[in-house]
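# Residue-level structure breakdown
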Amino acid sequence: MKHKLSPIIITVLTTVMLVNTLSAQQKRTNWLQEKNEYTGRWRVGVGANIVEPTAVDVQFYRLSKICTSQFAINKKIAIGIWAGMEGLLLGSLIERQNNKTWEKGSIRYGIDAKFYLPIALNPYFGFGIEGGNRTLNNESTFSPDFVARIGLEQKIAGIKLSTRSALNITFFIDGKLNKCLNVDFVYIMPSLGLRFHWI
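Residues numbered from 1 in each chain as written. Predicted model: local features only at pLDDT ≥ 70, side-chain atom pairs only at ≥ 80, totals over all residues. Heavy atoms only, no water.

### Focus on empty space enclosed by the protein
We count it as follows: Here a cavity means grid points, on a 1 Å grid over the protein atoms only, where a 1.4 Å probe fits yet cannot get out; a pocket means an open set of points with protein on both sides within 12 Å along at least five of seven lines; lining residues are those with an atom within 4 Å of a point. Grid points are joined across faces, edges and corners, and a volume is the space filled by probe spheres set on the points. A run of DSSP states H or I qualifies as a helix once it reaches four residues; a run of E qualifies as a strand once it reaches two. Both are numbered from the N-terminal end. Residue polarity is assigned by list, with Asp, Glu, Lys and Arg as charged and Ala, Val, Leu, Ile, Met, Phe, Trp, Tyr, Cys and Pro as nonpolar; anything else, Gly included, falls into the polar class.
Applying the stated rule across the entire model yields 1 cavity of 30 Å³ or more. Taken as a whole, the largest cavity encloses approximately 110 Å³ of empty space. Elements supplying a minimum of two residues to the lining of the largest cavity: strand S3 (72-85), strand S4 (107-116) and strand S9 (166-180). Partitioned by chemical class, the residues of the lining of the largest cavity number 5 nonpolar, 2 polar and 8 charged.

The following block contains the structure:
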């Protein structure tokens, strides 16, 4: 009787082990697929630029990875749009870099693309364009600029909102180059502010 039961027991155990193995593999595959979809989709962040310009911005970004235990995110690429006022706080630094009579407070708006490097401090570089009227030598004209920047973005706070969502707050600082395309006007200024992400 024992000899008759042995093949049955072995078959049952083998089947159970095979089912468990396939189930674990399926869960792993689903987890990897879910993670790729989670980091691969575009997300939205909103920010406040203290300088330059003093503005509000909206950023559409994709992630390279997420650390849920620290509510931290690593961006891969971001498209940003902003609108604000030029030289509102640091206008004297812009005046020193140009020989023209310039008036601060012009409304400026722009768009750029930022590319993040997957290393410590989350460095990035970016390129874009900026538009709006600018008053030079007492004449207000449309002034399109080429914009380039290089900087860092770091998490300063992470708040768990639910079991599936969190608020990530980052501080960013970069060096921003503005080169006007139709007038001899150029400056390099610091740009810094806060950005809020819901993940």
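Anyway, onward from the coordinates.
### A look at the pairing of strand S5 (residues 123-131)
Note the cut-off: Two strands qualify as a pair provided DSSP detects at least 2 bridges between them.
In this structure, S4 lies alongside S5, joined through 8 bridges in antiparallel fashion. Bridge assignment links Tyr109 to a residue of S5, and that residue is Gly131. Taking the residues between adjacent antiparallel strands as the criterion, S4 and S5 are bridged by 6 residues, where Leu121 takes a positive phi near 75°. As judged from the 8 bridges shared by S5 and strand S8 (residues 145-160), these two strands associate in the antiparallel manner. Directly across from Ile129, in S8, lies its bridge partner Phe146.

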